[in-house]
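Here is what each chain is made of, one letter per residue.
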Amino acid sequence: MTIHRRDILRASLFASGGLLLGFSLNVAGSRLARAAGAAAPSPTAFIRIGADNSITLIMPDTECGQGIWTSAAMLIAEELEVGMDQIKLMPAPPDAALYASPLLGEQATGGSTSIIADWTRLREAGARARMMLIQAAASKWHVDPATCHAAAGVVHHDESGISATYGELAEAANALPVPGKVDLKPFSAFELIGTSQKRLDTPGKVNGSAVYGIDVQVPGMKIGTVAACPVIGGTLAAIDEDAARRVPGVRDVVKLSNAVAVIGDHFWAAKQGLAAAAPRWNEGPNAGVNSHDIIAGLAEATLNPGVVARDDNDAPGKIAGALTKVEAVYQLPFLSHAPMEPINTTLHIRPDGADLWVGTQVPVRAQAVVAKAAGLKPEQVAVHNYMMGGAFGRRLDVDSIEQAAAIAVKLGYPVKLIWSREEDITHDLFRPRYYDRLSAGLDASGKLIAWTHRVGGSSVMARWLPEGMKGGLDPDAVEGATETPYDVPAIKVDYVRHESPGVITAWWRGVGPTHNVFVVEGFIDECAAAAGKDPVEFRRAHLQKNPRALAVLNLAAEKSGWGGKLPPGVGRGVSLQYAFASFLAHVLEVEVTQRGEVRLRRATVAIDCGQRVNPDTITAQIEGGLIFGLSMALYSDITHENGRVQQSNFNNYRMLRIDEAPEIQVFQIDSHESPGGIGETGTAAASAALANAIYAASGKRLRNLPFGNGALQSA
Amino acid sequence: MIDLNINGQTHSVDVPADMPVLWVLRDVIGLMGTKYGCGIAQCGACTIHLDGQPVRSCMLPAGAVGAAPITTIEAIGANPVGAKVQKAWLDQEVVQCGYCQSGQIMSATALLQQTPKPNDAEINAAMSGNICRCGTYVRIRAAIHAAAEA
C-alpha cells in the first residue's frame, strides 16, 4: 500500500466546488496575513470538513507513541463540537508558516511542549470553525446565530427543530470571514478535556496494520542498508565491490565519502552484500578517542568557571563561611536513543521532484536536506510523515535522511534504506556526557543557605539551533539547575561547555531535566543527610514559597507510605521536580540484595501538570517514562574506544525488561492551571529517586550513572 | 523455491535457505506487521508462531521451517485467544509507539494458550524476551491478566 498523504492534502487544498472547508486563504495568503497581523488564523489549517461529513483534523505534532494525536484532537473536538468517533487524523505537511510550534519557533515535536503549544491554537481553531458553521446555518435559516447550537457535528436551531450537518454547511461556512474574537469554553463546560479518551492511533497497532516508516512499500522500490565510518570524521578507504555484487539479490553499491550502501531486492541481500563489501576506513583524526580521556577532559574543564546562568547573593562566599559544607561531583554518560524502530528512510529522487517517506519529528528540516541533496526546491519534495516506532529525540535530527538523500540521488528508483540495529546504535547522536560539580552550605538549623552548581558538558543547542544560545550559555544544559523547586537564599549556577572530539551530541528524552533533576535531587538528599533530616522533611522546609511543589511532595509521601516500616535491605527514595511546566514527586521503593543487586519494587508518583487533557495518557506517559529512565539509570552507558562506540545492540546496550519493572501508581492533582508537558517528566524523575532509595536501602551514595553493571558493588 | 505455510496459505518463495523468515515475511510476501528490532533475537519485535510456539523470526532460516505452520500478527485475531489478547491490549490502553506490540501480543497469546491463568512469575518468564522501549510493561502485565479472565 502506498500512501501519498501529501497528494491527499494537495487535493483538499485546491479542491474546487467548495466541498471542503478548505483553505479560503491559501498557504501563501495565510502566511502574508499572519505576517501583517491583519486577520485571525484560518481554522482550515487544522480542520477539513467534507460534504460527506468526513471530518479530518491535521495534526501539527508528530505521533511517536506519546499519545499526542489523541490529545491534540481532543482540544479541537472539544470546541468544534464533534465526537472522537467522528474524526480522522492526518499528519501536517511541512509548512512552518502554518504548523510551527509557537514554543519551539519551528515545526518540531519535542521538549514536552506539544500540549502547551496546542492548548490555545487548537481550541481556537475548533471554536472558529464551529462559529463559522453556526453562522452559515443561521444565514441559511434567516435566524440569529445565538439561537443555534452545535453538537456532534450538527447545527441545530432549537426553536424550530431544524438542523444541518457540518458536511451540508461546509461550503457556505468556507465562504465566510474568519471570526477574530473567539469565546473559548470555561473549564466547567469541558466534555472531553480532562476525561480519559481512548487513543485513536492504537487499534492498527495491535493487528499489524499500522504503517511505520520502515513498513512503507512503493512500487519499484529496492531495499538497502548502510555502513558509515565507525569513527566520526573518518572516510571510506576501500570496499570489495565485486564480492558485494556477487551476492544473489544485490542490485547496486553506492559509495559516499564516509559510507557505503548496498541495495538489493530485500534487506537480507543488502545485509549480506554489505558484509561481503567488507568496507575499510581511513579513521581520521578521532581514531584515538576513548572514554577515559573524554571524562578526564570534562573533569579538567570544569575546574574553571563557566558562563554564569544564575548568580544570587554570593553563594560561594556564603558556603565558605557556612557551619556545614557539602560537596560532590555527579557524572552522567553518553546515551543512545535506541527506539524500537531502527533508523530508516525511503526516498525517490527524480530530476523534477522527490518523495520522502519517513517518520520524523522535524518535517521541514527533512524536506530541506533532501531538496539540497537533490538540487530541488523544498516544495518539490513531498514529505510523507509516518507514525514512529519511538523517537525520544533521535528523529529531531536529519543526519540519516541527509545520508539517504546522498545515496538515493545516485539511483533512479525508489529506495528504502534501513540501518541495522548495530548501525543505529553506533551511529546514533548521543545525549551529552555531563560532569557536574556542586557545593552547598547549611546553617545550624539544617537549612540551606547557599548552593552552587557547575554544569559541564557539550552543547546540543549550539549544534542544533545556534540562535538558541544565550551569550555562550546553553539554556537546555542548565534547565532544572537554575530553577530548582527550593528556596535557597544564595545560588550560583554556571555552565562549562566542553565538546569531546569525535562525538556528536543530540536531544534525548528530556535532556536538561533528565540530567539536572538527577544531580539536584541526589545532592539535595546528601544535604538532608548532612543536616540529619528526613529527606521529605528537609525538602518541605525549603518549599514554603512553592505550594504546588509542596502539594505533590506531600501526596507522593502519603500514597507511598513514606516513613512506614520496611524490611531489611529495602529503602525508599524521593525525588521532586518542576520541569516542562509540570510538578512531579516520585517515591521509589527498592531492595538491595546482599549480592548488591537492585530490585525495583514500587514507584509512587504525584503529578500536577495543570489542566489535564487526557488523564490516562498522563498516567501512561509517567509509567513509560519512569521505565525509560530506570533503564537508563541502571544500564545505559555509551562508551568509546579507539574512536569507536563500544555498544551495538540490545545484548550490550541493555534495556529494562518486564521482570525488572516495578509496580507503578500515579496520582494526579486536579487543576485548572495552564497545562504543562508530560512526555518526559517520568524519565526525568527516575534516576534521583533510585539513587536516593539505594542510599536508604544500603547506605551507599551513588553519583555516577549508570548504577548497574558493578557500580553498586564498588561504591 | 521454498514453500512456507503462512497464516493458512502456502507461499512459494525464491529466497536463499539461510534468509530469515522475518525478511521473507516483510520484503518478499509483504506482511509488514512483524517487525525488525535487533536481528539477534534480543528484543522479540519479530515474534511469530511456528506450530503454535513463539519464535524469533529474525534468526529463523526460511529453509529450516519445513511444513510447520507460521502465524503472524496479521492472523492472530482469528485465534480466539489472540483476539482476547488484542482486545485486552486496547481495553488497558497498553500501546504507545506500538512498534514492539506485534511481538508482545504474539508472545502473550502463546503464553495464554499454554497457561490460561498465568501468575506474575509465569508472565515474567514468557514475556521477558520482549523489549518495550516505551516501557508499557505495567499495562502488558495487566492486559495479560485481563485477557486470562475474559
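Note that the coordinates shown come from a computational prediction; the quantities given were computed from them, not determined experimentally. (Residues numbered from 1 in each chain as written. Chains lettered and ligands numbered in written order. Predicted model: local features only at pLDDT ≥ 70, side-chain atom pairs only at ≥ 80, totals over all residues.)

**Student:** Hey, could you run me through the domain arrangement of chain A in this one?
**Tutor:** Reports of interface size often rely on the accessible area that becomes lost once the parts have come together. Residue and element names in this part refer to chain A. Here the domain parsing of chain A yields domain 1 (5–205), domain 2 (213–284 + 343–418) and domain 3 (291–334 + 430–714). Taking only C-alpha atoms, the centre of domain 1 and the centre of domain 3 are 39 Å apart. Each partner contributes residues to the interface: domain 1 has 17 residues there, and domain 3 has 21 residues. Secondary-structure elements contributing two or more residues to the side of domain 1 that touches domain 3 are helix 3 (68–80) and helix 5 (114–141). Here the element with the most residues in the side of domain 1 that touches domain 3 is helix 3; it accounts for 4 residues. Considered class by class, the residues forming the side of domain 1 that touches domain 3 number 7 nonpolar, 10 polar and no charged. (Domains from an automatic or database assignment. Contact = placed C-beta atoms within 7 Å. Helix = DSSP H or I, 4+ residues; strand = E, 2+ residues; numbered from the N terminus. Nonpolar A, V, L, I, M, F, W, Y, C, P; charged D, E, K, R; others polar.)

**Student:** Please clarify how the interface of chain A and chain B should be interpreted in this entry.
**Tutor:** With 47 residues of chain A at the contact, the number on the chain B side is 46 residues. Counting only elements with at least two residues in the side of chain A that touches chain B, the list comes to helix 8 (267–277) and helix 18 (615–635) of chain A. Take the side of chain A that touches chain B: its biggest share by element is 7 residues, from helix 18 of chain A. The residue makeup of the side of chain A that touches chain B, split by class, is 24 nonpolar, 14 polar and 9 charged.

**Student:** Just checking my understanding: could you explain the sheet that holds strand 18 (residues 434–442) of chain A for this structure?
**Tutor:** By definition, the strands of a sheet pair up through backbone hydrogen bonds, in either a parallel or an antiparallel sense. Residues and elements named next belong to chain A. Strand order in the open sheet made by the 5 strands is 12-20-19-18-13, with mixed pairing throughout. Here the strands that pair on one side only, and so sit at the sheet edges, are strand 12 (307–312) and strand 13 (324–332). Taking each pair of neighbouring strands and ignoring which way they run, the sheet shows an average axis angle of 10°. In this structure, strand 13 lies alongside strand 18, joined through 9 bridges in antiparallel fashion. Note on strand 18: the bridge partner recorded for L332 is Y434. (Pairing = 2+ DSSP bridges. Axes fitted to C-alpha atoms, helices over the stretch in contact; angles between N-to-C directions.)

**Student:** What am I meant to see in the pairing of strand 3 (residues 47–50) of chain B here?
**Tutor:** Along a regular strand, successive side chains alternate from one face of the sheet to the other. Residue and element names in this part refer to chain B. Where strand 3 lies against strand 4 (residues 53–56), 4 bridges are found, and the strand directions are antiparallel. Within strand 4, the residue paired with H49 across the bridge is P54. Note: strand 3 against strand 5 (residues 70–71), 2 bridges, orientation antiparallel. By the bridge assignment, L50 is partnered in strand 5 with I70.

**Student:** Would you explain the domain arrangement of chain B in this entry?
**Tutor:** All names here are of chain B. Taken as a whole, chain B is organised into domain 1 (2–74) and domain 2 (76–149). Domain 1 and domain 2 are separated by 20 Å when their C-alpha centres are compared. With 16 residues of domain 1 at the interface, the matching set in domain 2 holds 13 residues. Those elements that place two or more of their residues in the side of domain 1 that touches domain 2 are strand 3 and strand 4. Of the residues contributing to the side of domain 1 that touches domain 2, the split by class is 6 nonpolar, 9 polar and 1 charged.

**Student:** I keep staring at the sheet that holds strand 21 (residues 570–579) of chain A and nothing clicks. Help me out?
**Tutor:** Residues and elements named next belong to chain A. Read from one edge of the open sheet, 4 strands run 21-22-23-26, paired in mixed fashion. Each of the sheet's edge strands pairs with one partner strand only, and the pair in question is strand 21 and strand 26 (663–668). On average, adjacent strands in this sheet sit at an angle of 15° to one another, irrespective of strand direction. Two strands pair when backbone bridges link them, and strand 21 and strand 22 (residues 582–592) are joined in this way by 10 bridges, in the antiparallel orientation.

**Student:** So what exactly am I meant to see when it comes to the nonpolar core here?
**Tutor:** Generally speaking, a soluble globular protein has its nonpolar side chains buried in company with each other. Residues and elements named next belong to chain A. Of all hydrophobic cores here, the largest spans 232 residues; its most connected members are V262, L356, V370, A405, C527, L690 and I694. Of the residues forming this core, the biggest block, 12 residues, is contributed by helix 19 (residues 681–698). Once residues lying within four places of it in the same chain are set aside, the contact partners of L690 are G573, L588, V590, L630, A633 and F707. F46, I68, A129 and M131 belong to the second largest nonpolar core, which has 44 residues in total. (Core = buried A, V, L, I, M, F, W, Y, C linked by C-beta atoms within 7 Å. Buried ≥ 20, exposed ≤ 12 C-beta atoms within 10 Å, placed from the backbone.)

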